[in-house]
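Take a look at the letters that make up each chain.
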There are 2 protein chains.
Amino acid sequence: MSSNWKAVAARKRAETLRKIPQAWVLARDVLQEARLRRDITGTFISSLLSWEERLITDLDSVSLALQISHGVYTALQVTSAFCKRAAFAHQLNNCLHEIFFEDARQRAVELDEYFETTGNTIGPLHGVPISLKDQFHVKNVETTMGYAGWVDTFEGQKDTSQEFKIESQLVTELRSLGAILYCKTSLPQALLVGETVNNLIGTTMNPVNQKLSCGGSSGGEGALQALGGSSLGVGTDIGGSVRIPAAFCGTYSIKPSFGRFSYRRVANSSPGQTIMPSAIGFMATSVLSLKLIMTSLLSTKPWLRDPDVVDMPWRNIAELEVRNTSLCFAVFTNDEKVTPHPPVIRAIKMVVDAVKKAGHKVIQWEPPSHFEACDIHQSFIRADGGADLWKQLGLLHEPLIHQLAELFGTGPVEPTPLLEYQANSLKRKDYSARYMEYWNSTAEKTGTGRAVDAVILPVAPHAAVISGKFYHYGYSEIVNLLDYTSVAIPVTRADKTLDPFDSNYKYMNSVDHQNWADYDPEIYDGAPAGVQLMGRRFDEERMISVAGIVIDALSYTHLEH
Amino acid sequence: MSSNWKAVAARKRAETLRKIPQAWVLARDVLQEARLRRDITGTFISSLLSWEERLITDLDSVSLALQISHGVYTALQVTSAFCKRAAFAHQLNNCLHEIFFEDARQRAVELDEYFETTGNTIGPLHGVPISLKDQFHVKNVETTMGYAGWVDTFEGQKDTSQEFKIESQLVTELRSLGAILYCKTSLPQALLVGETVNNLIGTTMNPVNQKLSCGGSSGGEGALQALGGSSLGVGTDIGGSVRIPAAFCGTYSIKPSFGRFSYRRVANSSPGQTIMPSAIGFMATSVLSLKLIMTSLLSTKPWLRDPDVVDMPWRNIAELEVRNTSLCFAVFTNDEKVTPHPPVIRAIKMVVDAVKKAGHKVIQWEPPSHFEACDIHQSFIRADGGADLWKQLGLLHEPLIHQLAELFGTGPVEPTPLLEYQANSLKRKDYSARYMEYWNSTAEKTGTGRAVDAVILPVAPHAAVISGKFYHYGYSEIVNLLDYTSVAIPVTRADKTLDPFDSNYKYMNSVDHQNWADYDPEIYDGAPAGVQLMGRRFDEERMISVAGIVIDALSYTHLEH
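Note that the coordinates shown come from a computational prediction; the quantities given were computed from them, not determined experimentally. (Residues numbered from 1 in each chain as written. Chains lettered and ligands numbered in written order. Predicted model: local features only at pLDDT ≥ 70, side-chain atom pairs only at ≥ 80, totals over all residues.)

Moving on, we come to the overall build of chain A. Within chain A, the regular secondary structure consists of 22 helices and 13 strands. A globule of 561 residues ought to have a C-alpha radius of gyration of about 24 Å, and chain A, at 22 Å, matches this closely. C-alpha atoms of chain A, sized along the principal axes, occupy 60 × 55 × 50 Å. Within chain A, the proportion of its 561 residues that are buried is 57%. (Helix = DSSP H or I, 4+ residues; strand = E, 2+ residues; numbered from the N terminus. Rg over C-alpha atoms; globule rule 2.2 N^0.38 Å. Buried ≥ 20, exposed ≤ 12 C-beta atoms within 10 Å, placed from the backbone.)

Printed below as a string of structure tokens:
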């Protein structure tokens, strides 16, 4: 077999496509039509399905689980519909790394037999198809993480006898809960880009607006969900990697704190950087589906199998105590480094107006400098001097993607000296403590007797992004530096009429200039614009409630207009 | 003022002694008598007190809190009694770094006034004197951590305007709960020795057997409690530092998991080593006092002020579910590197026999190699190449204590390269996961339907230790590497008749040889021998119950004889 990376990648892409059943292969004219459209989600992709497939794949995971458990649909019906829609999504949008529909069908048949025989489901995710970012190891399935050099290996190592055998703990948990695993989704090289592009499959664009990127690093997940090919997926997040694609593709996402869910046996970039680690994140077509997967996983007590997971079951009380309460939000629209584009500012304003209208208070968020946070965050991302990335690229002499050129140059550099790395760890602690002090101090301003309940802030300074023009990750990275919980929700779409370019805007600095200059209302038109709702560490329960409250408030406002 | 370390140390020692009221200064003949005795605890020190002072200082913290809250004693009576006994303890045993009895008396008066006026206590620790290892910052009090170079500075830095002002979060929490702070206890240079010796105060010996060390690093705490000068204290533990002195001095101790209690603003050695961090630990004269301080501290929600603390209140259910249950213990007597001395082996056997007699099961513990654990543990302790230690010593050109010579040589060496440090972090995760898998696997052998409930193991391979002869920390370090919870309890005392030297013992290796050869039944006679009860991560509640069960079983066995 060729060890030329281009050949390996071409073979891998072809193999993946061959796993799509002949009946689901799209006609050339459909593909051509898709290329001409800006938006291929919604009716475009739906029209390729039967009415029943459409009905099924438009349901969220909560409804799917419920309907399967009531015998409305079989697991096989649901699985087939999602596999088909995912197959279409991949052909239209190039969002999958791995396809294993046959294993999925087989599992669905088993689950249906179990249900028929016992009258019971085997778990709360019985029959629910769940897609996985291609960092998760699934038995009998390859993990490439987008590296051509990982094809036919275990994380780049040949002949370990672990390839196709090792399974991530979280994946095994999902199986035990009844989930159907059927595909793995695309991601960018090294996982450190807010777009999705690698040498193995090329680029995944944004199916809602094909002029833009789907975001990243869990970009294939975002795109697949926007296309209806998945209602629930698992990604990871060290700088915004579930929240960015969710916001860019118009789906829901939560980045829990590290240690709430198992990262054990999940492939990763620079895994030894354990000071500010990447966290498991979830993406779904509804907020309650995020809750469904979290409560389900925690019901398996992952802390008994993964030493990094904290013994903390789902706390219903924390979730409930927020409801029917008058809340106080804080809003943070501008970090004074890069001003968000008009669609994002409008989305933030819509949320602020909606929650105010619903009787909640909103104050300004004036935390310790987010500049400082960016610097500390970067120090961990750059710590290994690119050693891990260049090692993986070196396996088949793959080129670096241009989006990483600024971060990783032309080859590995000296890693950060240990004492500096340790000092950075203390800087992070100190910053986090000051941030917490600030948060606590807001109790004097909220009028609720509590500190601020959640912070409304941008996910990124743009609604989706033009490829190559993602300059500033500060709005999402702050959450990782602090290891906070954050929920991203879709709010609106960029609208060339409502969101004109402001040529009088005074740039704050060169990056701000670049970002602002790149706002083109014509190109961005139609791109989803979401916001983040940031809570504290291990605040997953409360933030699910808060997100629900905000969504209700937004819906109510929408209804009024 | 002199900047010669000897002069600075002499001045500091004299200043500390001057803080003892004239009326409490011990006569020369008492000091001389003390030097001639092996054991200066119990009746020896008690005889220097009035009957009421003796009665008060013999109570544990739970009784003290209760009696104060019922008006049996005032906070001032209790404080005065403990200050007096601590003053005697220090003069006899050299166990204090800082004395602030006047602040303590003043606080006691305030608390008494509050109680008299309102009829209420201000918190669950109202009036309870609590001693602190000299890593904790207390307002108006110096922190030297045993470094002459830290005198008149803030952690070695001059003119920071923070000296005497900064307070550790946990200290502020204790104050808010009503605790009386009155002294800080001695520790060894760099905190990395199982003895207590530094250039500032010299050596703290074991008051139960003055031929031996009190242990370390929270050695002053152990000694002070053995002498009755404290019923409850706070220490820290990265390799056994609360459990070792507790076992050596015959008191109780718990090392909780890191992140359960606040380490914020606590002085430390090599604080940037955050991968396998030192944890807050507690020492007390009863197990329920350990529970009292833990529940009290958690009632203040420390996670709202310290980003490293996990949002986890005290879980009564976890504590209760162990009671009235038939448990399965595992026993681990020998790590195959160093065989414990006969008194420790007998202590382990006593515990095993007692819990069996009480109806519990005991199986053998056969975990992944503890050798491997020692290597990984060491890699973190050595990571900075001694940079921190030599920096502190360099302030006044202090010499290294001989106990650290093997670990830190004659000056700083190159720190571990970052990539190796990161790889060690992954080794630790992998080892922890395998250890957990092993623990889970015992469910097949216990007969309880659960995995092993707790592991009985030595704290150290000797009952206390002859100075300079502590060669192997593996029994305690395993708990830190895994970040598990462990409770140390006193079991028996070394007895030259019951614990003879076995000259036929076959050494496993040179360290084992050294350790075994150093067992002298005559010298060790009377030294406390304790054991550890090891639970899992964040298992504090359950382990308090388990310790109670073991203590009951032991008491019952004692009664029978």
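After that view, the rundown keeps rolling.
Contacts between the two partners involve 34 residues from chain A and, on the opposite side, 34 residues from chain B. Within the side of chain A that touches chain B, the residues separate by chemical class into 18 nonpolar, eight polar and eight charged. (Contact = placed C-beta atoms within 7 Å. Nonpolar A, V, L, I, M, F, W, Y, C, P; charged D, E, K, R; others polar.)

Moving on, we come to the UniProt feature "domain: Amidase" (unreviewed entry) in chain A. Feature annotation in UniProt places "domain: Amidase" (unreviewed entry) on residues 78-543 of chain A, given in this structure's numbering. Within residues 78-543 of chain A, the helical portion is 36% and the strand portion 14%, while the C-alpha atoms at the span's ends are 30 Å from each other. (UniProt positions renumbered as here; feature names shortened; annotations may be inferred.)

A word on the UniProt feature "binding site: substrate" (unreviewed entry) in chain A. Residue and element names in this part refer to chain A. Listed under "binding site: substrate" (unreviewed entry) in the UniProt record, and renumbered for this structure, are Leu191, Ser217, Ile238, Gly239, Gly240 and Ser241. Look at the named residues: they lie 51 residues apart in sequence, but the longest C-alpha span between them is just 10.5 Å, so in the fold they bunch up. By the secondary structure assignment, Leu191 is in the loop between β3 (180-185) and β4 (197-198). What makes Leu191 buried here is the crowd of 26 C-beta atoms within 10 Å. When sequence neighbours within four positions are dropped, the list of residues in contact with Leu191 reads Ser217, Ser241 and Ser269. Inspection of the secondary structure assignment puts Gly240 in the loop between β6 (232-237) and α10 (243-249). Aside from chain neighbours lying at most four places away, what touches Gly240 is Gly194, Val459, Ala460, Tyr473, Ser476 and Glu477.

Next up on the list: the sheet that holds strand β7 (residues 252-255) of chain B. All names here are of chain B. Sheet architecture is open: eleven strands sit in the order β1-β3-β2-β6-β8-β7-β12-β13-β11-β9-β10, paired in mixed fashion. At either end of the open sheet lies a strand with only one pairing partner, and these are β1 (96-99) and β10 (361-364). Strand-to-strand twist of the sheet, defined as the mean angle between neighbouring strand axes without regard to direction, takes the value 30°. By the bridge criterion, seven bridges tie strand β12 (residues 486-493) to strand β13 (residues 528-534) in an arrangement that is antiparallel. By the bridge assignment, Thr492 is partnered in β13 with Ala529. Along the sheet, helix α11 (residues 287-299) makes contact with β6 (232-237), β7 and β8 (279-284), crossing β8 at roughly 135°. (Pairing = 2+ DSSP bridges. Axes fitted to C-alpha atoms, helices over the stretch in contact; angles between N-to-C directions.)

The next point concerns the pairing of strand β12 (residues 486-493) of chain A. All names here are of chain A. Counting buried positions over the eight residues of β12 gives eight, a clear majority of the element. The sheet contact formed by strand β7 (residues 252-255) and β12 spans three bridges and is antiparallel. Opposite Ser253, over in β12, you have Ala488 as the bridge partner.

Before going further, it helps to spend a moment on the relation of the copies chain A and chain B. Of the transformation superimposing chain A on chain B, the axial component is 0.0 Å and the angular component is 180°, with the fit at an RMSD of 0.0 Å. In the structure described here, the two chain copies are related by an operation that fits a two-fold rotation axis. Within chain A, the C-alpha atom positioned nearest to the axis of rotation is that of Leu418(A), 2.6 Å from it. (Least-squares fit on C-alpha atoms with pLDDT ≥ 70 in both.)

Residues and elements named next belong to chain A. As far as domains go, chain A holds domain 1 (7-304) and domain 2 (316-560). Domain 1 puts 53 residues into the contact, and the matching count from domain 2 is 53 residues. Broken down by secondary-structure element, the contributors of at least two residues to the side of domain 1 that touches domain 2 are β4, α10, β7 and α11 (287-299). It is α10 that provides the largest number of residues to the side of domain 1 that touches domain 2, a total of six residues. Of the residues in the side of domain 1 that touches domain 2, the class split is 25 nonpolar, 19 polar and nine charged. (Domains from an automatic or database assignment.)

Between its terminal C-alpha atoms helix α7 (residues 101-118) of chain A stretches 25 Å, which fits the 26 Å expected from 18 residues at 1.5 Å a residue. Note on α7(A): the residue one or two positions beyond its end, Gly119(A), has a positive phi of about 80°. (Expected span 1.5 Å × (residues − 1).)

Okay, unusual backbone geometry next. Going from Gly216(A) to Ser217(A), the amide bond is cis rather than trans, its omega being 5°. Within the fold, Ser217(A) resides in the loop between β5 (202-203) and α9 (219-226). For Phe538(A), which is not glycine, the phi torsion reads 55° and is therefore positive. In this structure, Phe538(A) sits in the loop between β13 (528-534) and α22 (540-560). By the C-beta count within 10 Å, which is 23 here, Phe538(A) ends up buried. You will see that Asn94(B), though not glycine, has its phi angle at about 60°, which is positive. On the secondary structure map, Asn94(B) appears in the loop between α6 (75-93) and β1. C-beta crowding within 10 Å serves as the criterion here: with 20 such atoms nearby, Asn94(B) is assigned to the buried category.

Let us now look at helix α8 (residues 169-176) of chain B. Helical periodicity: at 3.6 residues per turn, an α-helix aligns residues three or four positions apart in one direction. Residue and element names in this part refer to chain B. For α8, the set of buried residues is Gln169, Leu170, Val171, Glu173 and Leu174. Looking at the buried positions of α8, the neighbouring elements they touch are β2 (129-133), β3 (180-185), β6, β8 and α11. Looking one or two places after α8, you find Gly178, whose phi comes out positive at around 100°.

It is worth spelling out the confidence of the model for chain A at this point. On average, chain A scores 97 in pLDDT, and the residues at 70 or more come to 99%. Interface predicted TM-score (ipTM) for the complex: 0.96; the corresponding pTM is 0.97. (pLDDT = per-residue confidence, 0-100.)

Now for the sheet that holds strand β1 (residues 96-99) of chain A. Residue and element names in this part refer to chain A. The strand order across the open sheet built from eleven strands is β1-β3-β2-β6-β8-β7-β12-β13-β11-β9-β10, with neighbouring strands paired in mixed fashion. Looking at which strands have only one partner, the edges of the open sheet turn out to be β1 and β10 (361-364). Sheet twist, expressed as the mean angle between neighbouring strand axes with direction ignored, is 30°. By the bridge criterion, three bridges tie β7 to strand β8 (residues 279-284) in an arrangement that is antiparallel. Looking at the pairing, Ile254 lines up with Phe282 of β8. Across the sheet, α7 is in contact with β1, β2 (129-133) and β3; its angle to β3 comes to roughly 160°. Here helix α19 (residues 474-482) sits on the sheet in contact with β6, β7, β11 (454-458), β12 and β13, set at roughly 145° to β11.

Remark: helix α5 (residues 61-69) of chain B packs on α11(B), axes separated minimally by 7 Å, with the N-to-C direction vectors making an angle of 65°. Contacts between α5(B) and α11(B) involve Ser61(B), Val62(B) and Ala65(B) from the first element and Leu288(B), Ser289(B) and Leu292(B) from the second.

All names here are of chain A. Among the five residues in β2, five count as buried, and that is most of the element. Running through helix α8 (residues 169-176), the crossover from β2 to the neighbouring parallel element β3 is right-handed. Direction of pairing for β2 relative to β6: parallel, over a ladder of two bridges. Paired with Ser131 across the two strands is Gly233, which belongs to β6. (Right-handed = clockwise from strand over helix to strand, strands pointing away.)

What follows is about the environment of Ala87(B). Residue and element names in this part refer to chain B. Looking at where Ala87 falls in the secondary structure, it is placed in helix α6. Looking at Ala87, the number of C-beta atoms within 10 Å reads 25, which means it is buried. Ala87 sits 28 residues away from Leu59 along the chain, and the two C-alpha atoms are 18 Å apart. With residues up to four places along the chain from it excluded, the contact list for Ala87 reads Ile20 and Trp24.

On to the packing of α6(B) against helix α7 (residues 101-118) of chain B. Residues and elements named next belong to chain B. One can describe the packing of α6 onto α7 by two numbers: an axis separation of 8 Å at closest approach and a directional angle of 160°. Taken as axis vectors, α6 and α7 run roughly antiparallel relative to one another. Every pair of crossing elements has a handedness; the one defined by α6 and α7 is right-handed. Each of Ala75, Leu76, Thr79, Ser80 and Cys83 in α6 lies in contact with α7, whose residues at this interface are Phe101, Ala104, Arg105, Ala108, Val109, Leu111 and Asp112. (Parallel < 35°, antiparallel > 145°, perpendicular 65-115°, else oblique. Left-handed = near helix turned anticlockwise from the far one by under 90°.)

Moving on: the environment of Val351(B). Residue and element names in this part refer to chain B. Tracing the backbone through its elements, the reader meets Val351 in helix α13 (residues 342-357). Taking the C-alpha atoms as reference points, Val351 and Asp306, separated by 45 residues in sequence, lie 38 Å from one another. With residues near it in sequence (within four places) discarded, Val351 still touches Ile456, Val491, Val531, Val550 and Leu554.

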